[in-house]
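The chain contents come next:
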Amino acid sequence: MTVLDEIIAGVVEDLEVRRAARPLDALMAEVAHIPPALDPVPALRAPGLSVIAEVKRSSPSKGALAAIEDPAGLAARYAAGGAAAISVLTEKRRFNGSLADLVAVRQAVRTPLLRKDFVVTEYQLWEGRAAGADLALLIVAALSQRQLEDFLAVADGLGVTCLVEVHTAEETRRARDAGARVVGVNNRDLKTLEVDLSHFQELAELLGGDVVKVAESGILDVEDAARMRSAGADAVLVGEMLVRSGDPRSVVAALGALP
């Protein structure tokens, strides 16, 4: 069993508890009464390097990163620094996140929000939208092609943009075949958890110019981000370097200033 398999097993257990307490019909009713989702694509396509800044307390590879007692305050600093979007981890077992974090951040900023979790059911797309998410993460390695296409269609109906994450050339082709508009290349090997920044360039070359290309994982300083930009990244998704910095607003601004 891979690390991804282990994480998803826990996600499914936790999901069943939430679904029992809050049925899909209830979520649909909530979504019908909230403002439309924000479109992140224009900001992600803007000149220069765009930044998806992440509210991230911990990870399977690094353990605890930061306490983040005030996720809304951190998100406000990201927004002030010019983040194109803000990612909020909501998986609790490995990342110590929650939907409450997403709700708090939504109340604090008008920047497009990504619910960062492991989506394996349609329910989670409605759940994220009800909490204020404008984007959803779809990990190709966790989904069949039918699921990927179906979830993209459900998200489109909700006005939600999907960040479709790939790790291999085959997954990259699957993302393109499914019609993904925003594709994130994860530089981390899901089996070993090791990072190789050259991975982004290899897979980005398989994506056409019409796809927003996002570099993920292992970007720990401005030089790493500049390398991703040179390799064709439209945006970088960064968390660790921000939550460990003393001035996340300035770090976001420095990344966003890269040509």
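Cut-off values and rules
- Residues numbered from 1 in each chain as written.
- Predicted model: local features only at pLDDT ≥ 70, side-chain atom pairs only at ≥ 80, totals over all residues.
- Heavy atoms only, no water.
- Helix = DSSP H or I, 4+ residues; strand = E, 2+ residues; numbered from the N terminus.
- Pairing = 2+ DSSP bridges.
- Axes fitted to C-alpha atoms, helices over the stretch in contact; angles between N-to-C directions.
- Core = buried A, V, L, I, M, F, W, Y, C linked by side-chain atoms within 4.5 Å.
- Buried < 20%, exposed > 50% of the residue type's maximum accessible area, 1.4 Å probe, protein only.
- Salt bridge = Lys/Arg side-chain N within 4 Å of Asp/Glu carboxyl O.

Participant: Any details on unusual backbone geometry? Residues and values, ideally.
Facilitator: Here the phi dihedral of Asn 96 falls at roughly 55°; this positive angle occurs in a residue that is not glycine. Relative to the helices and strands, Asn 96 is located in the loop between strand S4 (85-89) and helix H5 (99-108). Phi is positive for Leu 193, which is not a glycine, with a value near 70°. As for its placement among the helices and strands, Leu 193 is situated in the loop between strand S8 (182-186) and helix H9 (198-204).

Participant: Before we move on, could you go through the sheet that holds S8 and cite the residues and values that matter?
Facilitator: Strand order in the closed barrel made by the eight strands is S1-S4-S5-S6-S7-S8-S9-S10, with parallel pairing throughout. Each adjacent strand pair in this sheet contributes to an overall mean axis angle of 25°, direction not counted. Here S4 runs beside strand S5 (residues 113-116); their pairing, made up of four bridges, is parallel. In the strand pairing of S5, Ile 86 is matched with Leu 113.

Participant: Tell me about the nonpolar core, and please be specific about residues and values.
Facilitator: A general feature of soluble globular proteins is that nonpolar side chains tend to end up buried together. Ranked by size, the top nonpolar core spans 67 residues in total, and within it Tyr 78, Ile 86 and Leu 138 carry the most contacts. At six residues, the largest contribution of residues to this core is made by helix H7 (residues 145-158). One finds Val 41, Leu 44, Val 120 and Leu 163 within the second-largest nonpolar core, a separate group that totals 24 residues.

Participant: Give a description of the pattern of salt bridges that names residues and reports values.
Facilitator: Where charged atoms from two side chains of opposite charge come close, those side chains can pair. Here the structure, examined in full by the defined rule, presents 17 salt bridges. Across the salt bridge formed by Arg 93 and Glu 13, the nearest N and O atoms sit 3.0 Å from each other. Residue Arg 93 is located in the loop between S4 and H5, and its partner Glu 13 is located in helix H1 (residues 3-21); the two are separated by 80 residues in the primary sequence. Accessibility expressed as a relative area gives 45% for Arg 93, which makes it partly exposed. Across the salt bridge formed by Arg 93 and Asp 14, the nearest N and O atoms sit 2.9 Å from each other. One end of the pair, Arg 93, is in the loop between S4 and H5; the other, Asp 14, is in helix H1, and 79 residues separate them in sequence. One continuous salt-bridge network, built from bridges that share partners, spans Arg 18, Arg 115, Asp 117 and Glu 127.

Participant: Which residues make up the pairing of strand S1 (residues 50-55), and what values go with them?
Facilitator: Where burial is concerned, most of S1 is hidden: six out of the six residues are buried. The two faces of S1 match: Ser 50, Ile 52 and Glu 54 on one face and Val 51, Ala 53 and Val 55 on the other face are all buried. Alignment of S1 against strand S10 (residues 235-238), held across four bridges, turns out to be parallel. When the sheet's bridge partners are listed, Ala 53 is paired in S10 with Val 238. Across four bridges, the pairing between S1 and S4 is parallel.

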